[in-house]
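What follows is each chain in one-letter form.
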Amino acid sequence: GQQVMQIPQYQHVQEGEDFTTYCNSSTTLSNIQWYKQRPGGHPVFLIQLVKSGEVKKQKRLTFQFGEAKKNSSLHITATQTTDVGTYFCAGIDGYIFGTGTRLKVLA
Amino acid sequence: DTAVSQTPKYLVTQMGNDKSIKCEQNLGHDTMYWYKQDSKKFLKIMFSYNNKELIINETVPNRFSPKSPDKAHLNLHINSLELGDSAVYFCASSQGYQGANTQYFGPGTRLTVL
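Each value, and the rule that gives it
Residue numbering note: each chain is counted from 1, following its sequence as written. Written order determines the labels here, with chains lettered from A and ligands numbered from 1. Owing to the predicted nature of the model, reporting of local features is limited to residues with pLDDT of at least 70; listing and counting of side-chain atom pairs is limited to 80 or more, with chain, interface and lining totals taken over all residues. Water and hydrogen atoms play no part in the side-chain values, which are based on all heavy atoms of the structure. Between any two strands, at least two bridges found by DSSP are needed for them to pair. We count a stretch as a helix when DSSP gives it H or I for four or more residues in a row; a strand needs E for two or more, and each element gets its number in order from the N terminus. Helix axes are fitted only over the stretch in contact, all axes being lines through C-alpha atoms; the angle between N-to-C directions runs from 0 to 180 degrees. Definition used in this section: a nonpolar core is a set of buried Ala, Val, Leu, Ile, Met, Phe, Trp, Tyr and Cys residues joined via side-chain atoms within 4.5 Å. Think of it in three bands: with a 1.4 Å probe and only protein chains considered, a residue is buried below 20% of the maximum accessible area for its type, exposed above 50%, and partly exposed in between. Contacts are assigned to residue pairs that have any heavy atoms within 4.5 Å of one another.

Engineer: In this structure, what is going on with the sheet that holds strand β7 (residues 61-65) of chain A? I would like to understand it.
Structural biologist: The strands that make up a sheet are held in pairs by hydrogen bonds between backbone atoms, and each pair lies either parallel or antiparallel. Residues and elements named next belong to chain A. Sheet architecture is open: 5 strands sit in the order β1-β3-β8-β7-β6, paired in antiparallel fashion. The outermost strands of the open sheet, each flanked by one partner alone, are β1 (4-7) and β6 (55-58). Mean inter-strand twist for the sheet, computed between neighbouring axes without regard to direction, equals 15°. In terms of strand pairing, β7 meets strand β8 (residues 71-76) through 5 bridges, oriented antiparallel. Each residue of the ladder has a partner; that of Thr62, found in β8, is His75.

Here is the structure:
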């Protein structure tokens, strides 16, 4: 069945360092969404990408959709402690979630 | 006002018991979902309803039965609870179920089976 893998599974960074999580699908996606889940919280929608090669930015966050629409990435520039949480990509009409990347930011 | 609400927030129960989790959304959305998040944080779709009709039914034991009395509510009933059912259960809703639809999640119900 449809699988969406993310790497790395865990990432610890020093505050101020950059962070990237990668999302890979076993099949072509019509669109991809990204969600953030703070510790003890629930997933919250961040952004949606639809077009091949699309790049979108939200302040320090940059989202990219691959040319083949089978992969995506989220890059955070100069991490802050508020970036702590688990980042999920989601494909196939948004309900197949990736395995998630847990980010810890050390002050 | 909370957009997607779930009750209860915590549920501790013995193996073999039957329990229900309730979900309500006030966003006017047509589609609602139940997800299970295990201890490794994997988030897996269980069910989805669109306008009270079941549209997604993943490989879930038939001890789990969803019920949607109207499009604003989606409840989850679990029979004969097992240790492996311990997890956080999230309800979510979206405008539709096809194409690009943002999902709004409830706060989650942490189920612990002893």
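Engineer: I keep staring at the nonpolar core and nothing clicks. Help me out?
Structural biologist: Most often, soluble globular proteins keep nonpolar side chains buried together rather than apart. Counting residues in hydrophobic clusters, the biggest one holds 34 residues, and the most contacted among them are Trp34(A), Phe63(A), Phe97(A), Tyr35(B) and Phe105(B). It is strand β9 (residues 85-91) of chain A that contributes the most residues to this core, 4 residues altogether. Not counting residues up to four positions away in its chain, the partners in contact with Phe105(B) are Tyr35(A), His42(A), Pro43(A), Phe97(A), Val4(B), Tyr35(B), Leu43(B), Phe90(B), Cys91(B) and Ala92(B). Residues Ile21(B), Phe64(B), Leu74(B) and Leu81(B) belong to the second largest nonpolar core, which totals 19 residues.

Engineer: How should I be thinking about unusual backbone geometry in this particular structure?
Structural biologist: Note: most peptide bonds trans; most residues except glycine with negative phi. Residue Pro8(A) is reached from Ile7(A) by a cis peptide bond, and omega for that bond is -5°. Examined against the element boundaries, Pro8(A) turns out to sit in the loop between β1 and β2 (10-14). In this structure, the amide linkage connecting Thr7(B) to the following residue, Pro8(B), adopts the cis form with an omega of -5°. Here Pro8(B) shows up in the loop between β1 (4-7) and β2 (10-13). Residues other than glycine seldom take positive phi values, yet Lys59(A) does so here, at roughly 50°. With respect to the element layout, Lys59(A) can be found in the loop between β6 and β7. One non-glycine residue, Lys69(A), lies in the positive phi region at around 60°. The topology assignment puts Lys69(A) in the loop between β7 and β8.

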